[in-house]
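Per-entry structural report
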Amino acid sequence: MKARVFITLKNGVLDPQGKAIHHALDGLGFKGVNDVRAGKLIELDLADGTSDSDIEDMCRKLLANTVIENFRIERLENA
Amino acid sequence: MRSAVIVFPGSNCDRDLAVALEQVTGRKPAMVWHKENALPDGVDFIGVPGGFSYGDYLRSGAMAARSPVMRAVKEAAGRGVPVIGICNGFQVLTEAGLLPGALMRNARLSFVCRPVPLRVENSQSLFTSAYENGEKISLPVAHHDGNYQADDATLDRLEGEGRVAFRYLDEVNGSARNIAGILNDSGNVLGLMPHPERVIEPAHGGTDGLRLFEGLLETVAA
């Protein structure tokens, strides 16, 4: 079983990397980009039967820093 | 004073910290590898050094904060043993939950490596007793992820409880309220981005860092 964990900065947390990407997009002439936020995607290959709460535990204890980041788990049942 | 310096894969200021501690205490610190489950008996000071532990993978300090030795460091900190985290060590202590907030990428994205002027905001702590309150000192910084952030309630609490130990006099990395170093609620854990261990003799260009270790020795030995 596979799962994906999306880690994003909380609203209101300044994202210097997102800002730099935004500037670079502007520099390339892409107009109409209002904002850019950069995050992380972590793919987990898990033993069958790993519960949602196990994955949440992994996120809280290591994968995300919940002081500044949110996480969202997506299970890929047939992967 | 019997001190210990924690060593992670990727630490690179561990020896500088050991030299500073030996110079001040007259005793070589125990160098404790991250895989150890316990600290040597009788350790009464712990240093978590700068560097790039685990290559800064995931987040700076994230892996190191979960290594076996950090359980022993947390337990010792809980008993009141003084712990200092310098640069990457500060990042490790926030990731380990020993200090509030987080250290993010510098606001202007650049690696900052230069001496910076600081103000000692609280000279009553274990670590700052050799400084005057409000004294202006200079310590070098060398970091990419030194942008200290916490929510407003946490920042207000740090300020109100005298837990901001050092503040940048100029904008350095985007840190909230120009915070350079903070104390935990019992005052025995200090995290700071600048490197006191790099300015302990005149040949280093200054000795403002030396007094941190001297003050610490005086308070721990007292």
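Residues numbered from 1 in each chain as written. Chains lettered and ligands numbered in written order. Predicted model: local features only at pLDDT ≥ 70, side-chain atom pairs only at ≥ 80, totals over all residues.

**Here we look at the overall build of chain A**
Of the regular secondary structure elements, chain A holds 2 helices and 3 strands. Relative to the compact-globule value of 12 Å for 79 residues, chain A shows a C-alpha radius of gyration of 16 Å, a clear excess of over 25%. Considered along the principal axes of its C-alpha atoms, chain A spans approximately 50 × 30 × 15 Å. Across the 79 residues that make up chain A, the buried fraction comes to 9%. For chain A, the share of sequence-separated contacts (at least 6 apart) that also reach a separation of at least 24 residues comes to 69%. (Helix = DSSP H or I, 4+ residues; strand = E, 2+ residues; numbered from the N terminus. Rg over C-alpha atoms; globule rule 2.2 N^0.38 Å. Buried ≥ 20, exposed ≤ 12 C-beta atoms within 10 Å, placed from the backbone. Contact = placed C-beta atoms within 7 Å.)

**What about the sheet that holds strand β1 (residues 2–9) of chain A?**
All names here are of chain A. What the 3 strands build is an open sheet, ordered β2-β1-β3; its pairing is antiparallel. Every interior strand has two partners, whereas the edge strands, β2 (40–45) and β3 (69–76), have only one. Mean inter-strand twist for the sheet, computed between neighbouring axes without regard to direction, equals 20°. One ladder, built from 6 bridges, connects β1 with β2; its direction is antiparallel. Residue A3 lies in a different strand from β2, and its bridge partner there is L44. Each of β1, β2 and β3 touches helix α2 (residues 52–63); the most contacted strand, β3, lies at about 145° to it. (Pairing = 2+ DSSP bridges. Axes fitted to C-alpha atoms, helices over the stretch in contact; angles between N-to-C directions.)

**Quick word on the sheet that holds strand β9 (residues 164–168) of chain B**
Hydrogen bonds along the backbone pair up the strands of a sheet, which may run parallel or antiparallel. Residue and element names in this part refer to chain B. Pairing within the open sheet is mixed, and its 9 strands lie in the order β2-β1-β3-β4-β11-β10-β9-β6-β7. Looking along the sheet, the strands with just one partner apiece sit at the ends: β2 (30–33) and β7 (136–143). Each adjacent strand pair in this sheet contributes to an overall mean axis angle of 25°, direction not counted. The sheet contact formed by strand β3 (residues 45–48) and strand β4 (residues 83–86) spans 3 bridges and is parallel. Bridging across to β4, V48 finds its partner in G85.

**Quick notes on the pairing of strand β10 (residues 179–183) of chain B**
Residues and elements named next belong to chain B. A large share of β10 lies buried, amounting to 5 of its 5 residues. Bridge count between β9 and β10: 3 bridges; the pairing is antiparallel. Bridge pairing in β10 places F166 opposite G181. With 3 bridges joining them, β10 and strand β11 (residues 189–192) adopt antiparallel strand pairing. Pairing of I182 across the sheet is with G191, part of β11. What sits between β10 and β11 in their antiparallel hairpin is a turn of 5 residues, with G187 showing a positive phi close to 80°.

**Digging into the pairing of β2(B)**
Residues and elements named next belong to chain B. Relative to β2, strand β1 (residues 3–7) runs parallel, the two sharing 4 bridges. Bridge pairing in β2 places V5 opposite M31. With respect to chirality, the unit in which β1 leads through helix α1 (residues 14–25) into the neighbouring parallel β2 is right-handed. (Right-handed = clockwise from strand over helix to strand, strands pointing away.)

**Some points on the packing of α1(B) against helix α6 (residues 210–221) of chain B**
Residues and elements named next belong to chain B. Two elements in contact, α1 and α6, have axes whose closest approach is 10 Å; the angle formed by their N-to-C orientations is 50°. Between α1 and α6, the interaxial angle falls into the category oblique. Where α1 crosses over α6, the two elements pack in a sense that is right-handed. In this structure, α1 contributes A20, L21, V24 and T25 to the contact, and α6 contributes F213, E214 and L217. Among the residues making up the contact of α1 with α6, the classes are represented as 5 nonpolar, 1 polar and 1 charged. (Parallel < 35°, antiparallel > 145°, perpendicular 65-115°, else oblique. Left-handed = near helix turned anticlockwise from the far one by under 90°. Nonpolar A, V, L, I, M, F, W, Y, C, P; charged D, E, K, R; others polar.)

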